[in-house]
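# Commentary on secondary and tertiary structure
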Amino acid sequence: MNKEMTSAPRPTFKRTLRRISIISVLITMTLVWLLLCIASVVTLKQYAQRNLELTSATMSRSLEATLVFNDAAAANDALASLGKQGQFSAAELLDRYDHRFAAWSMGPNSEADPLSQLVSQWLFPHPIRQRVWHNNLPIGELHLTARDSLIGHFLWTSLAVLTGCLVFASLVALTITRTLHNGVVTALQNITDVVHDVRTNRNFSRRVSQERIQEFHRFGQDFNSLLDEMEEWQLKLQAKNAQLMRTAMHDPLTGLANRAAFRIRIAALMNDSSARNNSALLFLDGDDFKRINDTWGHAAGDSVLIEVARRMVEFGGGQHQSYRLGGDEFAIILYSVQSEHDVLRLCAALTQQFSPSYELHNGFSSRMSLSIGYALSWQHHSVEALLEQADRNMYLVKHQRSKITP
């Protein structure tokens, strides 16, 4: 369950902000549209009611004479004339005895659609009833019904204009909102890219660029200050790690790579078939080092070891790698050797390198030879076999020298 939740795609901040903006604008504009529609309909209802009342009052004055003189034809003509002008849809004039005196209607072919009739009935539940007076006495009653098509046309036109204005306002609001949000999204994207790069690639030199929005600008400055401190800590940590690595992999007296570094390098060599085919290993062991230590002390012995290391580095140059394994034991890995003859030639040259006497820094000098044993890496398939062969050859040379030297 947790794995599915973590693997599900997550919406971006830009998309989420855009959705929130659209939903907010739509909800706001919908509420505004509803309120304006209700206010418009209520206002229209009051206006139509007053207009119909005013029309009925005016017509009652015009029809007063027709009732007084009992002229039904004139009454019908007056109702028809006003009805054709679109003032109402139906009119009925009753005399003092509530008998129909005159009437007019638009007829069934001119009736509005059912929806308009429903709206008209909602706006005007009952026709207008207006008394006709003469000498302060009621002589009849006028019944008027509003014109459905006129009311429906006015209502739908008003709602259409209102809806169009709100749609246009919504588009303008969304455009402005998107423009404003782009600055926020760009600033957050810049900060997010820097944070991701620092966390993933450890690129502590990355910095947040300046932003136009003040809050993001201040945040970027504070974040850059934090990155400055983190970069400084990283550089110190790298320097300390490099120092610890050098201490762990180098001999503190001679500065040569130590036994740990030698084991790592020789293992890598034997695992590399191309390098193993043209490399060799030399083991070196001092022959007279104990005599120097016993005669002149450990300080003199240390100076001899330092000089031996210097001569080994000078011999190897940038091609062969020298190591101190411990005490007066050393090793050299030879590269770019094609045959055993090349190895023997290099061993002879190395022996000559150690022939000059060593200054003991106490006014005396001494000689010290080193027994050299070699092993050809292309003749062996494991590190142990290579080391054993070089060690055996070294002690064989040392044994032969001990027989020669009295």
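Residues numbered from 1 in each chain as written. Predicted model: local features only at pLDDT ≥ 70, side-chain atom pairs only at ≥ 80, totals over all residues. Heavy atoms only, no water.

With that settled, the discussion passes to the confidence of the model for the protein. When pLDDT is averaged across the protein, the result is 82; 87% of the residues are at 70 or more. Contacts from residues 1-7, a stretch scored under 50 in pLDDT, to residues over four places away or in other chains number 0 contacts. (pLDDT = per-residue confidence, 0-100. Contact = heavy atoms within 4.5 Å.)

Per the UniProt entry, the sites bearing "transmembrane region" (unreviewed entry) are residues 20-44 and 154-176 in this numbering. Secondary structure content for residues 20-44 is 100% helix and 0% strand, while the C-alpha to C-alpha distance between its ends is 35 Å. (UniProt positions renumbered as here; feature names shortened; annotations may be inferred. Helix = DSSP H or I, 4+ residues; strand = E, 2+ residues; numbered from the N terminus.)

Here we take up the sheet that holds strand 7 (residues 329-335). Spatial strand order, 6-7-5-10: 4 strands in an open sheet with antiparallel pairing. Here the strands that pair on one side only, and so sit at the sheet edges, are strand 6 (321-326) and strand 10 (370-376). Sheet twist, expressed as the mean angle between neighbouring strand axes with direction ignored, is 20 degrees. Contacting strand 5 (279-286), strand 6, strand 7 and strand 10, helix 10 (residues 298-316) runs over the sheet at an angle of about 5 degrees to strand 7. Packing against the sheet, helix 11 (residues 340-353) makes contact with strand 5, strand 7 and strand 10, and its axis sits at approximately 165 degrees to strand 10. (Pairing = 2+ DSSP bridges. Axes fitted to C-alpha atoms, helices over the stretch in contact; angles between N-to-C directions.)

Turning to the packing of aromatic side chains, a few remarks are in order. Counted by the stated rule, this structure contains 3 aromatic pairs. When the centroid spacing of 6.2 Å and the interplanar angle of 50 degrees are considered together, the rings of F262 and F283 count as tilted. Of this pair, F262 sits in helix 7 (residues 259-271) while F283 sits in strand 5, and the two are 21 residues apart along the sequence. The class for F262 is buried, based on a relative accessible area of 2%. With a centroid separation of 5.3 Å and an interplanar angle of 70 degrees, the aromatic rings of F262 and Y323 are classed as edge-to-face. Taken together, the residues span a long stretch of sequence, with F262 in helix 7 and Y323 in strand 6 at a distance of 61 residues. With respect to class, F262 is no different from Y323; both count as buried. A network of ring pairs unites the aromatic residues F262, F283 and Y323 as a single cluster. Residue placement shows R311 over the ring face of Y358; its charged tip is 4.0 Å from the ring centre. (Phe/Tyr/Trp six-rings, centres within 6.5 Å; stacked < 30°, edge-to-face > 60°. Buried < 20%, exposed > 50% of the residue type's maximum accessible area, 1.4 Å probe, protein only. Lys NZ or Arg CZ within 6 Å of the ring centre and 35° of its normal.)

Moving on, we come to the pattern of salt bridges. Any two side chains of opposite charge can pair, given that their charged atoms come close. This structure, assessed with the given rule, holds 17 salt bridges. A salt bridge links K398 to D285; the nearest nitrogen and oxygen atoms lie 2.7 Å apart. Here D285 lies in strand 5 and K398 lies in helix 12 (residues 383-404), a separation of 113 residues in the sequence. Both residues of the pair, K398 and D285, count as buried. Counted as one network, the salt bridges with shared partners bring together E307, R310, R311 and E314. (Salt bridge = Lys/Arg side-chain N within 4 Å of Asp/Glu carboxyl O.)

What follows is about the sheet that holds strand 2 (residues 100-105). As summarised here, the arrangement of the 4 strands in space is 2-1-4-3, forming an open sheet in which the pairing is antiparallel. The open sheet has two free edges, formed respectively by strand 2 and strand 3 (128-134), since each of these has just one partner strand. Recorded for the sheet is a direction-independent mean angle of 15 degrees between the axes of neighbouring strands. As paired strands, strand 1 (residues 90-95) and strand 4 (residues 137-145) are joined by 6 bridges and run antiparallel to one another. What sits directly across from L94, in strand 4, is E141.

All right, on to the nonpolar core then. By size, the foremost hydrophobic cluster in this structure holds 29 residues, and its most contacted members are L282, L284, V308 and V343. Among the secondary structure elements, those contributing two or more residues to this core are strand 5, helix 9 (289-296), helix 10, strand 7, helix 11 and strand 10. Sorting elements by how many residues they give to this core places helix 10 first, with 7 residues. Leaving out residues up to four positions away in the same chain, V308 has contacts with F330, F354, Y358, M368 and L370. Judged by nonpolar contacts, the second largest core, of 20 residues, contains A257, A261, I333 and A375. (Core = buried A, V, L, I, M, F, W, Y, C linked by side-chain atoms within 4.5 Å.)

Within the secondary structure, A299 is located in helix 10. Given a relative accessible area of 62%, A299 falls into the exposed group. When the C-alpha positions of A299 and N362 are compared, they lie 9.6 Å apart, and in sequence the two are 63 residues distant.

To continue, consider helix 11. The end-to-end C-alpha separation of helix 11 is 20 Å, in line with the 20 Å expected for 14 residues at 1.5 Å each. Every buried residue of helix 11 is accounted for by D342, V343, L346, C347 and L350. For helix 11, the angular spread of the buried residues around the axis is 135 degrees, confining them to a single face. Exposed and facing more than 90 degrees away from the buried side of helix 11 are H341 and Q352. Looking at the buried side of helix 11, the elements it contacts are strand 5, helix 10, strand 7 and strand 10. (Expected span 1.5 Å × (residues − 1). Arc of directions from axis to C-beta.)

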